[in-house]
Structures are given as C-alpha cells and as structure tokens.
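# Structural characterization, general
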Amino acid sequence: MTNSLTYYPEAPVRKFSRGAVTFLTLGAFLATLGLSMKFYAYDKLAVVPLDQNTRPVLTDDNATFFDADNVAPGSGPIQTTITVIGDPDAAKEASDEVGVESGVFTKGQDTDNNGEAPPIFFYESTFAIDRVTGAAVDWSGATENGEPQTFEGQIIKFPFNTQKQTYKYWDGTIGAAMDMKYEGTEKVEGTDGSIDTYRFAGTVPETVFATREVPRGIFGLEDTRSVEATRTYTNNRTIWVEPETGAMVKVEEDQKQMLIWDEPGSVPVVAMDTVSSFTPETIQGNIDTYKSKSAALRAVRTWLPLVLGGIGALLILLGAVLAFRFKSDNSGGYAKNDVDTPVSV
C-alpha cells in the first residue's frame, strides 16, 4: 500500500498594491503639474508677444481743429489711427543689451480729418519694453520722431496682473511720463459682449510742446508774413485696462491743442479740440482677443495650481493608505484572496 503525502505550495506574493501604485503615480503627476503651473507655466504665458501688430482707432465726430489743407479753422469728424508693430530681431539685441527679456516696437500715431497730407498731428517712436511689466527699458536704439529718447513708464500696455495703483504712462506729445491713477473697476461694453476692467485716469496740464509755422493772419492780425507760433497741449486721459493681461481695452482722450502768437492783438487759435475714444469695432476686437486670455491667465495664476496640487496630495494620501493596508493584510506571506491548491504525491 502506497502512502500519499499532501502539501500546500507557497503562493506567489505581490509586493505592491496595484491601486496604491496608481494613486501614488497619478497624485505625484498632478502635484508636480500644479507646481509647474505656479512657478513655470505662468511666467511663460504672461509675456508680451514679440511679433505684435495692432491698429486701434479713435474717433470724434464733433472735433474742432486747424485745417492745414485750407490753412483755416475747421470742424467735424477726425480719426486717430495708432499702429504698433513688433521687431523680433531688434528685441533680441535689446534683451542682450539691457539684461531683461524685452520687446521692441514702433508706434505711429496719425490724427487727421480727411486722410490727406499734412495731418493735424503725427507722431512716431521706437522703444523697448520689459515683456512682463510692459514698462519701458533704457535701450540705446530708442527714438521719438527721429531723435534719441529715454522712455519711462507704460507705453502700449500695463503690467500683467495690473494692480490698483498709480502707474507712469508715456505721453508722446510732450515726450514725458504722466501719472495714471487707479479710479475703480468698470465693465466695458462692446457690440457683442463685455469685459471687466480697471479704470485709470490722468491729466497733462497745459504744456508747450512744439512750434509751427503758420500765416500771421490766422491770429486776427494783418496777414503780412508767416510766423513760428507756439503750440500748447493739455489732455485728460482715461484708460480702461483688463487687469490679467494688462491690455488697454478702451482709451479716451479729452485733449486741446492751441496755436499762440505773442503779439498785441493776437487771438489764440484752436489747433485741435477733441474728445476721441476707441471705436466700437476696436473695443469689441479687444474684448474678443483678451477675454479668453484673461480667463486662462487667471486660472493658471490662482486656482488651477491649487486644485491640481490638492487633488494630487489627496491621491498620494489615498495611495499611501492603500499601500499600508496591503502590507498589513499580507504580513503572513500570503496575498489576499490567493487560493492554496493542494498537491498530492
């Protein structure tokens, strides 16, 4: 008679819980992603594009001005066209020179009543700005109307994450920075939607900024010759800024320019008296461009890293709990739910 021996082979033991590994891996990924958004992604997103090419337009249907075409006072609609064009090649040179990541732009501004030369007012400048703050940097290639210039303050935009404070803003007419003070929040309405903004306002007091050769007769004097009249300027400027992007959604300028000839009996002449503001098309274009960008930047800057980090931390905690329970359940050398199969010899 043969004796039969029966024994139970040792079951293979898994050293890790698949669920714990999954939770720990996913949690670590989300936590890392949240940190990278907070400390890396936002800095890469919140920069001025180097190849910017924009053309905002301001109008006033009831302006008063000196009509250079007819050499006489005039009135009616005027239009101011501003072009801003980036120069990526010059930006690299400027960045190397000033030691700050910079953008270089040329800004042209033309105001006229009929689009024919000479315009009522013309201005052109080339400058470098910090790509994050939007403020001017001291670059050797900066010019204003063909002459070297040292710019100061904001020129074409406000900083990303604009604060409720006073900013320096460059006024090209007087060639100097003015104060733009925070006044409050305001919803700017477009033709198809709206956007929340910060409203800034500032005033340029009456300032002599140029001379202009004009007939002596326009001042109520006998028209015997041309004279070099003094040109003065004052401006009450309001800018509505989308705070996340620093974009100027709407601009309004209540400005007055005068021609003055210092001689007894001379009567000052209005060179330009206007309340000009961005056209509805320009405002709506800005809303379409910056509303979605604002939402994305705000998410990356504020709640999205916290949400991802929080979910990541929770998953890591759950993974650690599962790993601990798995280890406790298998402390005797058998995996949970493993089945012993008897073998007879």
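The structure we're discussing is the one just above.
Residues numbered from 1 in each chain as written. Predicted model: local features only at pLDDT ≥ 70, side-chain atom pairs only at ≥ 80, totals over all residues. Heavy atoms only, no water.

For the rest of this paragraph, the subject is the environment of Pro243. Tracing the chain through its elements places Pro243 in the loop between strand S12 (226–242) and strand S13 (247–260). With relative accessibility at 13%, the residue Pro243 sits in the buried group. In sequence terms Pro243 and Lys164 are 79 residues apart; their C-alpha atoms lie 9.1 Å from each other. (Helix = DSSP H or I, 4+ residues; strand = E, 2+ residues; numbered from the N terminus. Buried < 20%, exposed > 50% of the residue type's maximum accessible area, 1.4 Å probe, protein only.)

A few words now on the pattern of salt bridges. Note on pairing: side chains with opposite charge can pair once their charged atoms come close. This model, assessed by the stated rule, comprises 10 salt bridges. As a salt-bridge pair, Asp171 and Arg237 come within 2.9 Å of each other at their nearest N and O atoms. Of this pair, Asp171 sits in strand S9 (residues 167–171) while Arg237 sits in strand S12, and the two are 66 residues apart along the sequence. Across this residue pair, the class does not change: Asp171 and Arg237 are buried. When salt bridges with common partners are traced through the structure, they connect Asp171, Arg237 and Glu253 into a single cluster. (Salt bridge = Lys/Arg side-chain N within 4 Å of Asp/Glu carboxyl O.)

Where two aromatic rings form a pair, the distance of their centres and the angle of their planes describe that pair. Under the counting rule described, the total for this entry stands at 11 aromatic pairs. Ring centres of Phe105 and Phe127 lie 6.5 Å apart, and the angle between their planes is 40°; on these two criteria the pair is classed as tilted. Of this pair, Phe105 sits in strand S5 (residues 102–112) while Phe127 sits in strand S6 (residues 121–130), and the two are 22 residues apart along the sequence. We note that Phe105, like Phe127, is buried. Taking 5.8 Å as the distance between ring centres and 70° as the angle between the ring planes, the aromatic pair formed by Tyr182 and Phe200 counts as edge-to-face. Residue Tyr182 is found in strand S10 (residues 176–189), and its partner Phe200 is found in strand S11 (residues 194–215); the two are separated by 18 residues along the sequence. In this structure Phe200 comes out as buried when scored by relative accessible area, which is 0%. (Phe/Tyr/Trp six-rings, centres within 6.5 Å; stacked < 30°, edge-to-face > 60°.)

Before going further, it helps to spend a moment on the pairing of S11. Where S10 lies against S11, eight bridges are found, and the strand directions are antiparallel. Bridge pairing in S11 places Gly184 opposite Arg199. Taking the residues that link successive antiparallel strands as the turn, the S10-S11 hairpin has four residues, and the phi of Gly193 there is positive, at about 125°. Relative to S12, S11 runs antiparallel, the two sharing 15 bridges. Bridging across to S12, Gly202 finds its partner in Arg237. (Pairing = 2+ DSSP bridges.)

The next thing to look at is the nonpolar core. Counting 47 residues, the largest nonpolar core has Phe151, Ile155, Phe158 and Ile239 as its most contacted members. In terms of residue count, S6 provides more of this core than any other element does, five residues in total. Setting aside anything within four residues of it in sequence, one finds Ile239 in contact with Phe158, Tyr169, Met180, Tyr198, Arg199, Phe200, Met248, Lys250 and Val251. In terms of nonpolar packing, the next biggest core, distinct from the first, is built from nine residues, Val214, Leu221, Ala229 and Leu259 among them. (Core = buried A, V, L, I, M, F, W, Y, C linked by side-chain atoms within 4.5 Å. Contact = heavy atoms within 4.5 Å.)

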